[in-house]
Structures are given as C-alpha cells and as structure tokens.
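Architecture at a glance
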Amino acid sequence: MLFAVFLPVLLAIFIPYLSKWKEKIHTGYFVLLAPLAVFIYFIPNVGNDFTPIIQSYSWIPSLNIALDFYLDGLSLLFVLLISGIGTLVTLYSIFYLHTSERLGQFYVYLLLFMTAMFGVVLSDNVFVLYGFWELTSISSFLLIGYWNFKERSRYGALKSMLITVFGGLSMLGGFILLTSITETTSIQEMILQTDIILSSEYFGLILALILLGAFTKSAQFPFHIWLPDAMEAPTPVSAYLHSATMVKAGIFLVARFTPIFSGNEWFFVIVSGIGIITLIWGSYMAIRQTDLKGILAFSTISQLGMIMAMLGFGTKLAIFAAVFHILNHATFKGSLFMIAGIVDHETGTRDIRKLGGLVTLMPISATLAFFATFSMAGLPLPFLNGFYSKEMFFDASLELQHHSMWISQVLSQAIPYLAVFGSIFTFVYSMYLVFGTFMGEKKLDQLPVKPHEAPIGLLLSPIILVIGVIVIGLFPNIVNSSFLAHTAEAIYGEPFDKKIQYWHGWITPLYMSLVVVGGGAVLALFRRNWSSIYSFLPGKLSFNKVYDFLVDQSEKTSAKITNSYMNGSIGRYMALILVAILGCTFTVMIITDGFAWDTTNLAPITIQEVLIAIAMAIAAVSTIFTRNKIGAILILGVVGYGLALLFVIYSAPDLALTQLSVETITVALFLLCFYHLPNLRERTESGVQRAINLIIAVAFGTLMTMVAISAHSTKLFDKISDYFLETSYKLGGGHNVVNVILVDMRGLDTIFEIVVLGIAALAIYGLIKLRNKKEAE
C-alpha cells in the first residue's frame, strides 16, 4: 500500500519535465496512469471474503509514529472513489484544459492532492493522518487558486485554507488528548479502548475538537462558506474536490471515529443536529444562486449535511444508508459538475439567467444532466440510485428513539419532518438547475459563444458516471454484499446482510418521498412568486461578512502589534527576544525547581584561572564604553583568547586549538567587515532606557550562569561523554574524540551547518550584487 499511496506524488516529480511535451501530447495522459494504477491495484479487494489488511512502516519510533496503513471496507470505499473519480476527472481535464495553460503546475498540485487523500483514508496512526489531512488543505489551496491572476480565485483559495487548517489544528488537539488517554497512536487500538475514552474527563473536549476538524473540512454549517468560493477553481478541480475527495474527508473522519463516539448521546445531538441544519440551509440557499457551479456548491453542502446526519443517527440502517449515499453522491454530483463545465465551455457562461433551451443544441449533455439531477433529487424511479439512499434516509429518521436527554428526544422527533422539509428544497434546486439550463426559451443573443454539443472527450467521463447512476439504480445489490456491506460493517462493527430493493410497499418513507416530489414540484413551478423571501432570510445577514470581518480585524490588529515593536531598532529587537527568553526560562526553572548547585567532582580553582576570568570580564565590560570600532573588536577578542587559555589550563588542548582558530578567524572577519562601517556613535538612550538595558543584561547573564551551573549539577541521565569515549575509535576510527564527534558522530549536522553558511554566503553575495547594480544605474 505504501507504493500505491505515494505513487501520485512520485509521478509529480517528473511532471515538470513531461509537461514540456504538452504541445505534442497532453500532460494529462501521463497523469492518468497514477489514479488508474491505484484503482486497478485496490479493485481486487472488492469481494465477499474481504478482510482488513494492515501494513506498517517504521518512521519515528521514539514518538510512536509509523506509517500504519489500514485497509478495511471504509477505507476501500474511499480509496476506490478517490482513484476512480480521479481517473475520470483527469481524463476530463485533458479535453477541458488547453495546452496553453500551466499544465505542469496543475497536475503537480492534483497528484499531490491525490496522495494526501490516499494518506488520509488509509492511515491508522492519528498523527500521520493529521499530516496528510493538512496536506489536503495545502494542495487544495493550490488547486483552487490555480488561476491566481483572478482576485476571486485567490480569495477562495485563502478562505478554504484558513477555515480547514483552523479545523485541522483543532483536530490535532483532539488527537493529542486521545493519545494521552489511550497511550497509543493507532485508531484501531483506540477503538478497543472506547470505554476508557467515553469515561475520560476530557471526552467532551476531544469530541468537540475532532468534530470541529470534520465539520470545517466537510463544509458543515456554519463553516460551509468556503465551499462556494472554491468554485473559482477549474471545473475538473471542482468535480474532484466536491464529489469524492476533500469534502468527503470530514465524512470519513466522523465515520472512522463513530465506533468510539457513538456511545455518547452528545455525538447524536451535535452530528445529526448540525447535519440536518446543513441539509436545510444548503438546499434552501442553492435555489438563490444564479451560477451553475454555485448551485452545485450549495447542493454539495446540502448532501454532505444529509450524510453527516445519518452518521449521527448511529443506527444500523442509517450507517448503511450513509455509505450508500456517499457512493451515489460521487456518481451524480461528479457528472453534474462536469456537465456544468461543459455548458460553460460550450456557451461561454455559467449564468443560469442567460441559459435555457439547450436541450436541442446539446442533447447528450442534457440527457446526462436529467439522469444525474433526477437522481440527486431522489425521484422515485427504479433506475436512479439516488432514490434508494434517500428513501433509506427517511426510513432511518423514523427509527430514532430511546434517548435519555430531553434535547435528544426533541431532535429525534423533529428530524423526520426536518428531513422532508430540507429534501423539498433539494427537489426544487434540482429542477431549477436542469430545467433552467436545458429547457425553456433559448437566449442565444446573451451567450458569448454559439452553443453546440461537446466533443466526445469531454462527454466520456460524465457518461461513465451516469452509467454508474443507472446501473446501481437497476442492480443495487451488485455493490451491496461485496462492497457496501463491508463499509458499513467497518463503521457499525456488525455484519450487514441487508438486501436493497426498490419496492417495499406503501410505507411511510415512500409517502415522505411523494410529499417531497409533490411539494417540491409546486415550489419549483412557483419559484418566482416566493423567491422574494431571500430578501428577509438571509437578507443582509451573511456568514461571509463575519468571516471577512474577522480576517480584516485580525490583519489590522496584527499590523498594529507588529508596528508597535518593528521600528527598525536592533536594540529593541534584542531586548524583546532576551526578555521573552528570560520570562520563559525563569518560569520553567521556578515551576520545575530546575536550579541545582553541586560542586563535587570539580577541579580546584587557582589564582591563574581567577586572573584570566577577571581579565575576560574587564574586556567584556570595556566593549560597552569604547567608541573605536577596531578597539572594540580587539578587546572582544581578549574574551575568546582568554577562554582558550582556560581550556589549556584544564587539559583540553584540542578545544583550545579549536577556540584559537575560531577566535582568530572571527576577529579577522570582524575587522574586514567593520572597516567599511561608520564609526560607533555616541549613545543617545535616555537614563531610563539605559537602566532597562542594564537590568536585561544582568538578568540574562545571571540566567545563563544558572543554566550552566544547573546543567552541570543535574545528573538526570548518564553522561553521553562516556559513550563517545568508548566508541569513538570503534565507530570512527580515531583517537581524537572531538574530531570523531564532529566528522562522524555529527557528520550530517556538520554538513547542514556548512550548507546553512553556504546559503547565507550566497544571499549576501546576491545582496551585494543587487546593491552594486542599483548604484550603477
């Protein structure tokens, strides 16, 4: 599984080179191989005898972090969606994106995102999962902002990253608490300790933090505001992120932790409550939109709310309905996004007010749109997969009972009515989308481009997805026992033997579906008569305004704080840094009783050491009062050479030679540099400022002295020097322990230090060249 997870990002390394041939062969053809290979690799796991597969690769053993990949029914569903839809999206992008685009960058971002999603759904280690989780936020930021010359693209990309990263950091806090309670980083091992987690005093905080991560990523109310702005991305990105990948990551997270959290009633209250609110609000707001992708964005929010609500129900039927709808949603929503892109591509606009009557001009696209839209609406037809999971949703909402808290009881009684209410608006926006685009009066004079049917390359991917809609609708059990049952079992913990069938008789869920169709049809027909309600709800209220206000105020506040201390004074910068170190270190030492004084095993102090120390102290203090820069450097050199003498007295000749070499080079470099600087100026600080500087200097010197004494006096661990003395010759082949440490024991550290110095030298060289160029101009 390791190779499958990292295959996309490995291919991404070569994309910048392969994209150079894009005029001869579209870069997407190379990219197509990665998701297709992953899909082929995992598809054999679909079967009746599928059992979970665990693979572990050591990474950071000291922190109990390993690349633990766990493939069960749940992760298999998402892996196949990510790779399968990813293959179709890549195929679609080949015909959607012209070779004049920055294809190299686009496909690198796309492959990076694929790897991140594979890592999220396959990781069993919570901290590895978090790493991949944040990688999805970063890569989606790059994808959404791909057309960075557009202000709205930059705005949408930043918005999505700020909200989802905020949730991700919250989720990390929950993972840390879970790890502390269970003493494991494995999700599967945490599930085995469910009783310990539920009884923990931190359970409420853990639940809130992890759900915050899930809600922000899956665009649940009120964090849904980032998803409509993400529509500024190219349509292949929208189809991928919002049908099968990024927004489903939060759904996956809730599903993965359902075995732990579902034992608490607050899980039902929060998840189902937020889910049902998101369902209603998303479907209600979708009807207000005029952009095709805007309608689909809010419809995605609505559908995600429905799935989240079912996961919150926690019943056997609800879990099965949720995983079934995850699959169904990927098929009809992916195809609808692609069709919206086709309409935009072939007409030059996505504004539904300018569209209409396209069924005769784009008959294939229209046919695909009708099948996908009617499936999304939950129309009770046997060849539409959306109806099956929608009816199961209604059925599951009627089973809610046996709750002890009053809020749970009220919510469980209200959910069936709220489900029907939200689904009515789902039906309305579905009809609004398909009929407003393909039926009615033609408005060719308002279209930038004369419309015509799309080429087969663009149509192929949505055709495959719509075929999936129909096949699953006609033969739903082909994905049941061999696939969906394993997914539901991974969440619920018990085997599933449910048979999916179209006709159950005249039962309540069917009546609910008929109410949705009837009520939705009436509202759709008279939409213009009641659409003025949007001027009152939401009216001028908007969560986007709240977001903009918070971002604007945070920028202004941070600017004020930064400008208050960033005034160009190096002295002030040093004072702030030293005060911060003083405060933190002194606090820790006081709290932990960290200061220790132990004079045993110390060499005797003679008059020689005392005289040298006095000379070093006098030299250090003298640098403050000298006004000659050359004199200050030479006096400062006395401190370094004095330290070398102390090394000689205490029988450390190798350290003395090193100190002499370093000090000589340092003094020489200082002399070379300071020769070109102006003379030291008279100090202009006030008496108060000098007093503050003196206090900081004395305090910091005292702190360093205390730290040095405590470091020597505290014997918490065995001395590492013994290890170096014993192994320097065996491992490094040298009797000079210091040289062996620098060259062999810390070889990589030394190399990176040299690299840092080299980078700094190149930067200085570049600045000098830039200054000389400006002076020449």
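Residues numbered from 1 in each chain as written. Predicted model: local features only at pLDDT ≥ 70, side-chain atom pairs only at ≥ 80, totals over all residues. Heavy atoms only, no water.

**Let's talk about the packing of aromatic side chains**
All chains considered together, the criterion is met by 38 aromatic pairs. Note on Phe-370 and Phe-435: the rings are 5.7 Å apart at their centroids and 80° apart in plane angle, and the pair reads as edge-to-face. Residue Phe-370 is located in helix H18 (residues 363-377), and its partner Phe-435 is located in helix H20 (residues 406-438); the two are separated by 65 residues in the primary sequence. On the accessibility criterion, Phe-370 (17% relative accessible area) is buried. A network of ring pairs unites the aromatic residues Phe-221, Trp-281, Tyr-284, Phe-421, Phe-425, Trp-530, Tyr-534 and Phe-543 as a single cluster. Over the aromatic face of Tyr-146 sits the side chain of Arg-102, whose NZ or CZ is 4.6 Å from the ring centroid. Taking NZ or CZ as reference, Lys-316 lies 5.3 Å from the ring centre of Phe-496, over its face. (Phe/Tyr/Trp six-rings, centres within 6.5 Å; stacked < 30°, edge-to-face > 60°. Helix = DSSP H or I, 4+ residues; strand = E, 2+ residues; numbered from the N terminus. Buried < 20%, exposed > 50% of the residue type's maximum accessible area, 1.4 Å probe, protein only. Lys NZ or Arg CZ within 6 Å of the ring centre and 35° of its normal.)

**As for H20**
When the terminal C-alpha atoms of H20 are compared, their 48 Å separation across 33 residues agrees well with the 48 Å that a helix rising 1.5 Å per residue should span. A bend of about 40° at Ile-415 is the largest found in H20, and the proline Pro-416 appears one to four places after it. (Expected span 1.5 Å × (residues − 1). Bend = angle between axes of the 7 residues up to and from the residue.)

**Digging into the side chain of Ser-365**
Mapped onto the secondary structure, Ser-365 falls in helix H18. One polar contact links Ser-365 to Glu-453, side chain to side chain, over a distance of 2.7 Å. Not counting chain neighbours up to four residues away, the residues in contact with Ser-365 comprise Ile-339, Ile-342, Phe-438, Glu-453 and Leu-459. (Polar contact = N/O pair within 3.5 Å; in protein donor to acceptor, adjacent residues only side chain to side chain. Contact = heavy atoms within 4.5 Å.)

**Description of the pattern of salt bridges**
Counted by the stated rule, this structure contains eight salt bridges. Between Arg-256 and Asp-72 there is a salt bridge, with its nearest N and O atoms 2.8 Å apart. Taken together, the residues Arg-256 in helix H14 (residues 246-261) and Asp-72 in the loop between strand S2 (65-71) and helix H5 (73-96) connect sequence positions 184 residues apart. Of the two residues examined, Arg-256 and Asp-72, each falls in the buried class. Of the charged contacts in the structure, one is a salt bridge between Arg-350 and Asp-344, with a shortest N-O distance of 3.4 Å. In this structure, a network of salt bridges that share partners links the residues Arg-152, Lys-159 and Asp-229. (Salt bridge = Lys/Arg side-chain N within 4 Å of Asp/Glu carboxyl O.)

**Notes on the confidence of the model for the protein chain**
One rule of thumb: low pLDDT means the predicted coordinates there are not for detailed reading. Looking at the protein chain, the pLDDT average stands at 90 and 98% of residues meet or exceed 70. When mean pLDDT is taken per element in the protein chain, helix H11 (residues 203-217) scores highest with 96 and helix H32 (residues 737-745) scores lowest with 81. (pLDDT = per-residue confidence, 0-100.)

**Looking at the nonpolar core**
Counting 202 residues, the largest nonpolar core has Phe-42, Phe-257 and Phe-313 as the members making the most contacts within it. Per-element accounting of this core gives the leading share, 19 residues, to helix H17 (residues 316-347). Contact partners of Phe-257, with chain neighbours within four places excluded, come to Val-126, Phe-175, Leu-178, Ile-187 and Ile-210. (Core = buried A, V, L, I, M, F, W, Y, C linked by side-chain atoms within 4.5 Å.)

**A look at the environment of Phe-543**
When you line up the elements, Phe-543 lands in helix H25 (residues 543-565). The class for Phe-543 is partly exposed, based on a relative accessible area of 33%. With 43 residues separating them in the primary sequence, Phe-543 and Phe-586 have C-alpha atoms 44 Å apart. With sequence-adjacent residues up to four places away left out, Phe-543 is seen in contact with Phe-221, Pro-222, His-224 and Ile-225.

**What to know about the pairing of S2**
Within S2, seven of the seven residues are buried, which leaves the element mostly enclosed by the surrounding structure. Here seven bridges tie strand S1 (residues 53-60) to S2, and the two strands are oriented antiparallel to one another. Within the sheet, the bridge partner assigned to Ile-54 lies in S2 and is Tyr-70. The turn joining S1 and S2, which pair antiparallel and follow one another in sequence, is formed by four residues; a positive phi near 60° is taken by Asn-64. (Pairing = 2+ DSSP bridges.)

**Things to note about unusual backbone geometry**
In this structure, Pro-222 follows Phe-221 across a cis peptide bond, with omega equal to 5°. Mapped onto the elements of the fold, Pro-222 is located in the loop between H11 and helix H12 (226-229). Here Leu-537 and Pro-538 are connected by a cis peptide whose omega angle stands at 10°. Take Pro-538: it is sitting in the loop between helix H24 (527-530) and H25. One non-glycine residue with positive phi stands out, namely Asn-64, at about 60°. Counting through the fold element by element, Asn-64 comes out in the loop between S1 and S2. A positive phi angle, close to 55°, is found at Ala-219, a residue other than glycine. Note on placement: Ala-219 falls in the loop between H11 and H12.

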